[in-house]
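Listed here are the chains, written in short residue letters.
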Amino acid sequence: MIRGWYTGASGMSAQQNRLDVISNNLANVDTTGFKRDTAISKNFSELLIRRTRNDGVYKNAFGSADAAPIIGKLGLGVETNESFTDFSQGSYKETASTTDMALSGKGFFAVLTPQGERYTRNGNFVIGKEGLLETKEGYPVLGEKGTIYVADTRFFVDKDGIIYDSEDMREIERFKTVRFENERYLKKQGASLYYETDISGPAYIAEGEERPGFLQGFVETSNVNVVNEMVRMIEVNRAYEANQKTVQAGDSMMATLWGKTASLRG
């Protein structure tokens, strides 16, 4: 019965983690370039239950061994294994703003932050006071030669991410667009930013078929599906309640056992 408490409690803890992830997804349904997270759980190793009698132990030259027949398995609960990000493509939203960019395909914009170079799918950019192309938080967007200076909104971006002056079609810069060997293992920093890890591998500039297409005047919306997330939330609530009832049932049985034991000793 006591083991049942821990098994039920582990299930409640795992479902709480799932609920936290789903709630965060729903809270960011309108965040430009947001990518939904998924919490993955795994079972603790199961124990094999054997019949405990002398007929299951035999002697040999090295000592003894247990040959008692297995009568079943005992689960020990579940735990949250990892929370990973789903980088599937979001839909496009037209803004008609020349500073807004969307990527078609895998890849990330590179921006410069006080913590170093970071990466984002949020192409909702603005022009800063010094004429630099920046994120809403004021982080400069990076080109392959450094920060991008555009001065005003009179510029054009082609499908390859090359920026031209609209008046004389002079090439200004090319967006630095990066890829990773294992983008699933990128870590979120906040403000739609990601940073590399040892498992994700270092960023490298996307070229050729690996380079995504650029859409000027569009932004990529969140890839969160509200209906699916609400269905998952209902599933989590029901699973949490089921584990909660398991703990309550174990507590009720233990209370009955203690009460009968006390009455017999009295």
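Here we summarise the structure given alongside this text. For every chain, the first residue of the written sequence is number 1, and numbering continues from 1 onward in sequence order. pLDDT decides what is reported in this predicted model: residues at 70 or higher carry local features, side-chain atom pairs at 80 or more are listed and counted, and totals for whole chains, interfaces and linings draw on all residues regardless. Based on all heavy atoms of the structure, the side-chain values leave hydrogens and waters out of the count.

### A few points about the pairing of strand β14 (residues 162-165)
The condition is simple: When a residue's accessible area, from a 1.4 Å probe over protein chains only, is under 20% of the maximum for its type it is buried; when over 50% it is exposed; and in between it is partly exposed. Numbering of helices and strands runs from the N terminus, with a helix taken as a DSSP run of H or I at least four residues long and a strand as a DSSP run of E at least two residues long. A pair of strands is labelled paired if DSSP reports no fewer than 2 bridges between them.
Because side chains alternate across β14, one face comprises the buried residues I162 and Y164, and the other comprises I163 and D165, equally buried. The sheet contact formed by strand β13 (residues 155-157) and β14 spans three bridges and is antiparallel. Within β14, the residue paired with V157 across the bridge is I163. Hairpin connection of β13 to β14: four residues between the antiparallel strands, including G161 at a positive phi of 85°. Where β14 meets strand β15 (residues 171-174), three bridges bridge the pair, whose relative direction is antiparallel. Bridged to I162 within β15 is R174. Count of turn residues in the β14/β15 antiparallel hairpin: five residues, of which M169 carries a positive phi of about 55°.

### Observations regarding the sheet that holds strand β17 (residues 187-190)
Strands sit in the order β17-β18-β10-β9-β16-β19 across an open sheet of six strands; the sheet is antiparallel. Looking at the sheet topology across the chains shown, the edges are occupied by β17 and β19 (204-205).

### Focus on helix α1 (residues 2-27)
This is how it is decided: To estimate the expected span of a helix, count its residues, drop one, and scale the result by 1.5 Å. Two residues form a contact once any of their heavy atoms are found within 4.5 Å.
Spanning 26 residues, α1 covers 38 Å between terminal C-alpha atoms, matching the ideal 38 Å at 1.5 Å per step. Three or more residues of α1 are buried, namely G8, S10, G11, M12, A14, Q15, V21, I22 and N25. Contacts made by the buried residues of α1 are with β1 (37-43), β6 (78-85) and α2 (226-265).

### A short note on the sheet that holds β14
Adjacent strands of a sheet form backbone hydrogen bonds with each other and so pair up, either parallel or antiparallel. Put simply, the rule is: The convention used is that axes are lines fitted to C-alpha atoms, helices contributing only their stretch in contact, and that angles between N-to-C directions extend from 0 to 180 degrees.
Read across the sheet, three strands follow the order β13-β14-β15 without closing on themselves; strand pairing throughout is antiparallel. Both edges of this open sheet fall to β13 and β15, since each of them pairs with a single strand only. For this sheet, the mean angle separating the axes of adjacent strands, direction not counted, is 25°.

### Quick look at the pattern of salt bridges
For clarity, the threshold we go by: By definition here, a salt bridge exists when the distance from a side-chain nitrogen of Lys or Arg to a carboxyl oxygen of Asp or Glu is within 4 Å.
A full pass over the atoms with the stated rule returns 18 salt bridges. The partner of R170 in a salt bridge is D165, with the nearest N and O atoms 3.5 Å apart. Here R170 falls in the partly exposed class, since its relative accessible area comes to 45%. The network of salt bridges with shared partners includes E144, D160, R174, E207 and R211.

### Thoughts on the layout of surface pockets
Where we set the bar: Lining residues are defined by having an atom within 4 Å of a point belonging to a cavity or pocket. Those points lie on a 1 Å grid over the protein atoms alone, cavities being sets where a 1.4 Å probe fits but cannot get out and pockets being open sets with protein on both sides within 12 Å along at least five of seven lines. Grid points are joined across faces, edges and corners, and a volume is the space filled by probe spheres set on the points. Three classes are used, and their members are as follows: Ala, Val, Leu, Ile, Met, Phe, Trp, Tyr, Cys and Pro are nonpolar, Asp, Glu, Lys and Arg are charged, and the others, Gly among them, are polar.
Volume-wise, the largest pocket comes out at about 200 Å³. As for the largest pocket, its lining consists of D37, E82, S83, F84, T85, R184, Y185, L186, K187, K188, T197 and I199. Contributions of two or more residues to the lining of the largest pocket are made by β6 and β17. At four residues, the largest contribution of residues to the lining of the largest pocket is made by β6. Looking at the lining of the largest pocket, its residues break down into four nonpolar, three polar and five charged.

Read these as geometric descriptors, not functional statements.
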